[in-house]
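These are the residues of each chain, in order.
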Amino acid sequence: MKQFSYVRVTSSASAIAAISKDKTAMFLAGGTNLVDLMKSGVTSPDRLVDITRLPMADIALTKTGIRIGALAKNTAVAEHAEVIKHFPLLSQALKAGASPQLRNMATVGGNMMQRTRCHYFYDTAMPCNKRQPGSGCGAIGGFNRMHAIFGASEQCIAVHPSDMCVALTALDAVVTVQGPKGERKIPFGDFHRLPGTTPEIDNTLQRGELIMAVDIPYQQELTKTHYLKVRDRASYAFALVSVGAALSVSSNNITDVRLAMGGVAHKPWRLKEAEAFLKGKPATEDNFREAARLTMASAKSQGANEFKLTLAPNSIVEALKLAVANGNN
Ligand code: SF4
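Residues numbered from 1 in each chain as written. Predicted model: local features only at pLDDT ≥ 70, side-chain atom pairs only at ≥ 80, totals over all residues. Heavy atoms only, no water.

## Here we look at the overall build of the chain
So, step 1. In terms of helices and strands, the chain carries 12 helices and 12 strands.
So, step 2. Computed over C-alpha atoms, the radius of gyration of the chain comes to 19 Å, within 12% of the 20 Å expected from 2.2 N^0.38 for 329 residues, which places it in the range of a compact globule.
So, step 3. Counting only C-alpha atoms, the chain reaches 60 × 50 × 35 Å along its principal axes.
So, step 4. Scored against the burial criterion, the 329 residues of the chain give a buried share of 53%.
So, step 5. Considering only intrachain contacts with a sequence separation of at least 6, the fraction spanning at least 24 residues in the chain is 64%. (Helix = DSSP H or I, 4+ residues; strand = E, 2+ residues; numbered from the N terminus. Rg over C-alpha atoms; globule rule 2.2 N^0.38 Å. Buried < 20%, exposed > 50% of the residue type's maximum accessible area, 1.4 Å probe, protein only. Contact = heavy atoms within 4.5 Å.)

## Some words on helix α5 (residues 88-95)
So, step 1. Counting buried residues in α5 gives six out of eight residues, a clear majority hidden from the surface.
So, step 2. Turning to α5, its buried residues number three or more, namely Pro88, Leu89, Leu90, Ser91, Ala93 and Leu94.

## A few points about the side chain of Asn203
So, step 1. With respect to the helices and strands, Asn203 occurs in the loop between β7 (182-187) and β8 (210-217).
So, step 2. For Asn203, the side chain forms a polar contact with the main-chain nitrogen of Leu205, separated by 3.0 Å.
So, step 3. Leaving out residues up to four positions away in the same chain, Asn203 has contacts with Met113, Phe191, His192 and Arg193. (Polar contact = N/O pair within 3.5 Å; in protein donor to acceptor, adjacent residues only side chain to side chain.)

## With respect to the packing of helix α11 (residues 285-296) against helix α12 (residues 308-326)
So, step 1. Two elements in contact, α11 and α12, have axes separated by 9 Å at closest approach and are oriented at 140 degrees. In terms of orientation, α11 and α12 fall into the oblique class. For the pair α11 and α12, the sense of crossing is right-handed. In contact with Glu285, Phe288, Arg289, Ala292, Thr295 and Met296 of α11, α12 contributes Lys308, Leu309, Ala312, Pro313, Asn314, Ile316, Val317, Leu320, Lys321 and Val324.
So, step 2. Looking at the contact of α11 with α12, its residues break down into 10 nonpolar, two polar and four charged. (Axes fitted to C-alpha atoms, helices over the stretch in contact; angles between N-to-C directions. Parallel < 35°, antiparallel > 145°, perpendicular 65-115°, else oblique. Left-handed = near helix turned anticlockwise from the far one by under 90°. Nonpolar A, V, L, I, M, F, W, Y, C, P; charged D, E, K, R; others polar.)

## As for the site of the ligand
So, step 1. As a matter of local geometry, the ligand sits amid 15 residues, with Cys118, Cys128, Cys137, Gln155 and Cys156 nearest to it.
So, step 2. Classifying every residue of the shell around the ligand gives 10 nonpolar, four polar and one charged. (Near = heavy atom within 4 Å.)

## Points about the packing of aromatic side chains
So, step 1. If you walk through the whole model with that rule in mind, you get four aromatic pairs.
So, step 2. Summarising the aromatic geometry, the rings of Phe121 and Tyr122 are spaced 5.4 Å apart at their centres and angled 85 degrees between planes, so their arrangement reads as edge-to-face.
So, step 3. Seen from their ring centres, Phe188 and Phe191 are 6.4 Å apart, and the 25 degrees between their planes marks the pair as stacked. Of the two residues, Phe188 and Phe191, both sit in the buried class.
So, step 4. Here the guanidinium or amino end of Lys281 rests over the ring plane of Phe277, the centre of that ring lying 4.1 Å away. (Phe/Tyr/Trp six-rings, centres within 6.5 Å; stacked < 30°, edge-to-face > 60°. Lys NZ or Arg CZ within 6 Å of the ring centre and 35° of its normal.)

## Here we look at the pattern of salt bridges
Oppositely charged side chains may form a pair once their charged atoms are brought near each other.
So, step 1. Tallied over the full model, the rule gives 17 salt bridges.
So, step 2. Between Arg8 and Asp50 there is a salt bridge; the shortest N-O distance is 3.8 Å. You can see Arg8 sitting in strand β1 (residues 5-8) and its partner Asp50 sitting in strand β3 (residues 47-50), a full 42 residues away along the chain.
So, step 3. Arg8 gets classed as partly exposed once you look at its relative accessible area, which sits at 43%. (Salt bridge = Lys/Arg side-chain N within 4 Å of Asp/Glu carboxyl O.)

## Some words on the UniProt feature "domain: FAD-binding PCMH-type" (unreviewed entry) in the chain
So, step 1. UniProt's entry tags residues 1-221 with the feature "domain: FAD-binding PCMH-type" (unreviewed entry), counted in the numbering of this structure.
So, step 2. For residues 1-221, the helix share is 26%, the strand share is 18%, and the end-to-end C-alpha distance is 50 Å. (UniProt positions renumbered as here; feature names shortened; annotations may be inferred.)

## Comments concerning the sheet that holds strand β11 (residues 253-262)
So, step 1. On the basis of which strands lie adjacent, the open sheet formed by four strands has the order β9-β10-β11-β12 and antiparallel pairing. Only two strands of the sheet have a single partner each, and these edge strands are β9 (224-230) and β12 (269-270).
So, step 2. Taken together, the two bridges between β11 and β12 define a ladder with antiparallel strand orientation. When the sheet's bridge partners are listed, Ala260 is paired in β12 with Arg270.
So, step 3. Contacting β9 and β10 (241-250), α5 crosses the sheet at an angle of about 15 degrees to β9. (Pairing = 2+ DSSP bridges.)

## Comments concerning empty space enclosed by the protein
So, step 1. Taken as a whole, this structure holds three cavities of 30 Å³ or more when the rule is applied.
So, step 2. When its volume is computed, the largest cavity comes out at roughly 80 Å³.
So, step 3. Residues of the lining of the largest cavity, tallied by class, amount to 10 nonpolar, five polar and one charged. (1 Å grid on protein atoms, 1.4 Å probe; cavity = no way out; pocket = protein on both sides within 12 Å on 5 of 7 lines; lining within 4 Å. Points joined across faces, edges and corners; volume = space filled by probe spheres on them.)

As C-alpha cells, then:
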C-alpha cells in the first residue's frame, strides 16, 4: 500500500478545508470499502482526513420526516425504532446488506460513497475505465454476470452495490452536503450518476464537499413495503437484482407506490414508468407483470448477465406481491 499521511479533524469546516487543499486527500469514515481499495492499489490517496469524530451520527425525527446523520452506522439506522416504524423499507434494505460486522462499522455517507464491486475494477492488471480512464473495460465481453442491464455505456457497464441507496432512492430522500461554497441539497436520485463517457465519476459531489445528512420525508401511507434481494448466497453477497417496493393500498387499489432496483445499473434505478402505471390500479399480479414489462423495455443484456432479463421482471412482481401481503394496512 502506498504511504499516506493521516489527520483527524474535529469540525466539518476543518474537514472541508483539509480536503480542499489536497487533490488526492480523501475522507475516512468507517473505511469498510476505502481501506480495501487502498490495500489493493485501486485508490491511493496521499492523505486521509478522518471524520469519525465529527458530531454527525444523530438520527432524529423532524417536522417533515427523519434526519439521519452521515456518520450514523448502518446498524444504528437499521435498528432505530423510528426508522422501523416510519421507514421500514430502509431498515429492510440495510439488513439485507453486507454482514453484521460490516454494518456495525459502515456509515450512511460511506455506504453512499462505496464503489462498484466489478472484478476488473479491483484487479489492477486488467483494463478498467473507471479505475484508469481510457484503459478500456474488461467487463464488456468478459465476465459480466453481475453487471448492468440499464443505463450502461460503451465505457462502463458496472453496477452500484448498495442496498441502502435503493431504499433511499425509492423514498425520495434528500442529501445535504457542505463544501467550500456552502451548503446544498441533492435529491437522492440525482446523487449517483450513469457512467456515460466519464465512468470514473460515481456521483455529483463537488471537490471538497462533505455529506452531512440524509432527510427522508414522511410517507405514512406507504406502509406496505418489501425489500427483495436476489443473490448468490443467503448473506454477505451483493445483489444480482434487488427491488425496493413501498405501496399504499386501499380496498385493493394502489393509491401510491415507490419502486427502485439495485444490481441493475450504475446508480439505484427508480422505476417511474412502473409507478405511474400502477397508481390507481388494482393490486393484482397481472398489473404487477405489466409494470415489470414496461420497466424492462429499456433493458439490455451484456452477455453473461442475460438471465437478469428474466430475473429482474420476476423480482419486481415478487417484491410487489410480498409488499402487499406483508404490509400493515
Ligand atoms: Fe471498469 Fe466499469 Fe468496465 Fe468494470 S464495467 S471494468 S468498473 S469500466
